[in-house]
Amino acid sequence: MRPWIHGLFALVLIAGLPAAVPAADLDAMQPAEIQALQHRLAEAGCYQGAIDGRPSAATADAVKACPDQDPTLRIETGMHTAQIKRIGVDAACTVAVTGSDDKTARLWSMPDGRLLRTERLPVGTGDFGKVYAVAMSPDGSVAAAGGWDAADAHSLRHAAYVFDVATGDNLRRIGTFDDVINHMAFSPDGQRLAVGLGSGGIRVLDVASGNELMYDKDYKDAAYGVVFGRDGSLYAVADDGFIRRYGPDLRRTAKILPKAGKDPESVALDPTGERLAVGFYGKSVVEIYAAATMKRIAAAQTGDIKGDDLSTVGWSRDGRRLYAAGTYQVKIDGSWHDMVRSFTRDGRHDRPDVPVAHNLVADMAPCGDGMVMGTADPFIVALPPDGQATTLAGGHTADFRDAGANQLTASRDATKVRFGLAQHGVNPVEFDLTVGSLADAPDPMPNAVAPVTTGLDVTDWQDNVKPLFNGQKIVMKDFERSRSLAIRPSTDGFVLGTEWSLRSFDAQGNQRWNKPTPSVTWEVDLTRGAEVVVAAYGDGTIRWHRWSDGQELLALFVNKDTRGWVAWTPSGYYMASPGAEDMIGWHINRGWQQQADFFPASRFRDKFSRPDIVRLVLQTLDEGAAVKQANAAAKRRDDSQPLIERLPPVITILSPSDGTSAAPGTVEIRYNTRSPSGGRVDRVEALVDGAKIATRGLMRVEPAAAQSADGSTGTIVVPMPDHDAVISLVAYAGGQASDAVRIQLKGAAPAGRGVAAEDESIKPTLYALLIGVANYQNKAFNLAYSDKDASGLAEALKGQKGRLYKNVEVKVLTDQEATATAIKRGLSWLRKQTTAHDLAIVFAAGHGTTDARGKFWFLPYDTDPDDVAATAVSRDDISDVLFDLPGKKLLFLDACHSGAALNSGARGGTDIGTAVNDFAQAEGGVVAYAAATGREFSFERPDWGHGAFTKALIEGLEGKADLLHKGTITTATLDLFIENRVKELTGGQQHPVMSRPKTVPDFPIAVVQ
């Protein structure tokens, strides 16, 4: 599939984000860094020398032989972030594989579309690592992926990657090709793999051995489609215009020119093996051929489609219907939709066309009685034979195309930006870097700076491959399309956003600089005296660049569905809304035969969670200067330890498989651990539904014979409840914790069983420590309703006694009772009382602050503002207790910066988003709620009698959060109710947040009488 169709994800030059460190220069490295690199190269199978931290020829050779080991920042949302190029499905429609320009392949459970795992192949800079082709064996046991192989950067040429679907880990690299892989297909028995190349024809490989079985060089252009017949025959189409057929012995038996002419794009064979369908690039033509004779039977009825193509074709599993799609669009209710047309076996159009996406339908495959499709949005869409399309998995990236009146605008100091999250500028939002908030913005920002497109003679720049300056063509690359323009108000230069680049020119039209971009540059703006370029890209990011040299200063990604956001600098310093920090992470290659590692940003929170640096970078216009200034203010040393030295351990679950049934009692979990940085994995902890369990004496590590360079295997025995449960494992190496790995096991009853149980003996107890300080020892700190917040919540919780809980035990500390000592004793009380069967709650309302290092402190009644560290309650005081508690845990924070807005009816100023992320670590199992996001104020008013957050919380627990009318209030429904209620109470000025670790499933916390 040509990558420039529709232009949304066109020829992306940099699919990942900037690397944090330069390529390995052994002479410039410290011994510890070299030792970590040697360990990683040895683990990847490229190095066999001594791991001694000394530069050597053997180490240098290993660096050249292995994929690049430089960490690369990448966006991760649980879905592709760029165009899905291909999709493959097994014959039974139980599992699918997708490949994307975002350099990942992903495995999906079918037909529900649940993500099973992400396959991370070796990647490099630019196009290296993009997945252009995937295939699934008919029995669903093996999948293949390929495209622009990162190995080509090492002159190792291209190959196909094959992996075991059940484990995802057994990566093998087979074949040696001269060009990129455009398409792949398995034979019916799964033993052969056909590969269509960018040039150099097609090849067929033996999957088991990797040996080449056939190579047809007689191709003058790229091969974009290959398909096997049920008898082992093979069909292929290529841009040289020919359709080719090969017999079961792989000898070519036919080569014909289709009547429609050049550029046959895709080929599909009906299940009977009798009819071949061909779609064409740039043409609304679908032809049907007799497979046995290669004679054209018919052209499908497409004459009414003008100007679009039907380049993707597929047959239903029963062979009765033919489907076609591509760039064919129809405007419905003011919005353009990509359509799928279906035909009878003879090409008759007898049913209405069906809208399936808003961008190119790139590939399709039969799935059950219908079809499944991959699109450029990116979407995975199911189309039943007689129904409407259903999106099984949708992309979370913002779409900046055709923004119209809601085009990208910025504040004069560049710290605020307004943009639409959906095409045509729909769902406009405003991001405020200073406050750290994202809010709906139906109205334009006051005094906003909008792009200027007049003042210089720049013409023909909108969606054009030949933009002009003073009537002369602006020199760009072949096929590079201009997309956006901003002219400096002083008319001494302009910036042009294109398909692949961000380009700056002077007043005479001479290029000043050219920067490759992560995707299409849909919008550009100039602000801060035109010294900052703000650009909106096709990968869903907003990025700030220096006008002087184009250097990127800051990037922002917003999940258009959850509204979670993360902003980061080129080196990876970040700030994020609660629960959103892991939307970025570090990809680090291993070997050519191994899956790469991916470490979410939270694994390096101590080093990279630096809102202070992120906020300063737009003031200094220099990341290095921002780091120095922030470190000086926080009295922190510059942490120069390379990332590769501090990689956390990695753990995988070997058995049982996700979705397995397990009887109540205990279940044995077999796992593998390894340490990419060479540290010793010293323990493994287990969590059941997010609650930490005691496993002492239950873990056993396999003997040395079972250990290898790929890590060590072990077993841990965990209790299995009588309902569906999420089992999570976390490995520790020294003080570093792995990312949690989890599986869901099916129990005797669905999750949540026992909500309305009558047997008192099996009900949990709720223990709550509720703290509210309105009247401080230092009267300047006084608030109005924090004490009433704590006492009012206590009454609401007590109402759950005899309902969901056998008993409710509440310790309330207000005003002078809420001293630092009393609060710490209350935390100790929680530690002593709570069992694995119980729920623990900590609620804190009053003032809070974050210190220069970003640590959160709650200010008790007797706080000395001149010595907060000695007289306040720290994040660590709270988290150390909550993380150790064995049961379920909730934390509610309604805190502010000490002394801020004391007379405004608001509690605010604390960077609460960072605090929530600190509390909601996966290994801690704490569900954390906060009254506001970022540095927003938390409001309180006399007519409420509470703070807005607590008023909503109490109303929710008393029944209004039963949004599904099932008599149950869960963590998720409470979050949704509080969010909407506080927005209503405060006129949209306050935005509560909740972060639930991925180890913790949604669970009931109250029932309605």
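Predicted, not measured: the structure shown is a model, and the values here were computed from it. The residue count restarts for each chain, going from 1 along the sequence in the order it is written. With pLDDT at 70 or above as the cut-off, local features in this predicted model cover only qualifying residues; side-chain atom pairs require 80 or more to be listed or tallied, and sums for whole chains, interfaces and linings still use all residues. By convention in this description, side-chain values take in all heavy atoms of the structure and omit both hydrogens and water.

Here's the deal with a nonpolar patch on the surface
Now for step 1: For patch building, the residue pool is restricted to those with more than 30% relative accessible area and no salt bridge; the joining distance is 9 Å between like charges and 5 Å between nonpolar side chains (Val, Leu, Ile, Met, Phe, Trp, Tyr). Surface exposure here means Shrake-Rupley accessible area, sampled with a 1.4 Å probe, where a residue is shielded only by the protein chains that are shown. Throughout this description, the term salt bridge denotes a Lys or Arg side-chain nitrogen within 4 Å of a carboxyl oxygen of Asp or Glu. On the surface, a cluster of nonpolar side chains totalling about 270 Å² of accessible area is made up of L963, L964 and L976.
Now for step 2: Among the structural elements, L976 can be located in helix 12 (residues 971–986). To qualify as a helix, a DSSP run of H or I must reach at least 4 residues; to qualify as a strand, a run of E must reach at least 2; elements of each kind are numbered from the N terminus.

A closer look at the sheet that holds strand 42 (residues 521–527)
Now for step 1: Strand pairing is defined by DSSP finding a minimum of two bridges between the two strands. One open sheet accounts for six strands, arranged 42-43-44-45-46-47; its pairing is antiparallel. Each edge of the sheet is formed by a strand with only one pairing partner; in this case those strands are strand 42 and strand 47 (574–576). With direction set aside, neighbouring strand axes in the sheet form an average angle of 15°.
Now for step 2: Direction of pairing for strand 45 (residues 552–558) relative to strand 46 (residues 565–568): antiparallel, over a ladder of four bridges. In the strand pairing of strand 46, V558 is matched with W565. Here an angle of 0 to 180 degrees is reported between the N-to-C directions of two axes, which are lines fitted to C-alpha atoms, with helices fitted over the stretch in contact.

Some words on the pairing of strand 65 (residues 888–894)
Now for step 1: Counting buried residues along strand 65, six of its seven residues qualify, which places the element largely inside the surrounding structure.
Now for step 2: In this structure, strand 61 (residues 839–845) lies alongside strand 65, joined through seven bridges in parallel fashion. Looking at strand 65, one finds that L839 is bridged to K888.
Now for step 3: Where strand 65 and strand 67 (residues 926–930) come together, five bridges link them in parallel fashion. Bridge assignment links L891 to a residue of strand 67, and that residue is A928. Burial classes follow relative accessibility: with a 1.4 Å probe on protein chains only, a residue under 20% of its type's maximum area counts as buried, one over 50% as exposed, and anything between as partly exposed.

Regarding the nonpolar core
Now for step 1: Each nonpolar core is a collection of buried residues, namely Ala, Val, Leu, Ile, Met, Phe, Trp, Tyr and Cys, held together in the definition by side-chain atoms within 4.5 Å. Counting residues in each nonpolar core, the largest one holds 67 residues, and the members touching the most others are F419, I542, W544, L556 and W568.
Now for step 2: Examining the composition of this core, we find that six residues originate from one element, strand 45, more than from any other.
Now for step 3: The contact definition used throughout considers only heavy atoms, calling two residues in contact when any of these lie within 4.5 Å. Leave out the neighbours within four places in its chain, and F419 touches F400, N406, L408, N427, P428, V429, F431, I542, L556 and V558.
Now for step 4: Counting residues in each nonpolar core, the second largest holds 42 residues, with Y767, F781, I823 and F883 among its members.

Quick word on the packing of aromatic side chains
Now for step 1: Any Phe, Tyr or Trp ring, taking Trp's six-membered ring, that has another such ring centre within 6.5 Å forms a pair; planes under 30 degrees apart are called stacked, those over 60 apart edge-to-face, and the others tilted. Summed over all chains, the structure comprises twelve aromatic pairs.
Now for step 2: Their ring planes at 80° and their centres at 6.0 Å tell us that F128 and W148 sit as a pair that is edge-to-face. Residue F128 is found in the loop between strand 5 (114–119) and strand 6 (131–136), and its partner W148 is found in the loop between strand 7 (142–147) and strand 8 (158–164); the two are separated by 20 residues along the sequence.
Now for step 3: Of the residues examined, W148 reaches a relative accessible area of 27% and is grouped as partly exposed.
Now for step 4: Pairing F400 with F419 gives two aromatic rings, centres 5.9 Å apart and planes at 85°, and the pair type is edge-to-face. With F400 in the loop between strand 30 (390–394) and strand 31 (409–410) and F419 in strand 32 (residues 416–422), this pair connects stretches of sequence that are 19 residues apart. Taken as a pair, F400 and F419 share a single burial class, namely buried.
Now for step 5: Here a set of aromatic residues connected by ring pairs shows up, and it is made of F469, F494 and F505.
Now for step 6: Geometrically, a charge over a ring is one whose NZ (Lys) or CZ (Arg) sits within 6 Å of the ring centre while staying within 35 degrees of the ring normal. When the ring centre of Y219 is taken as reference, the NZ or CZ atom of R244 above it lies at 3.6 Å.
Now for step 7: Taking NZ or CZ as reference, R683 lies 3.7 Å from the ring centre of Y732, over its face.

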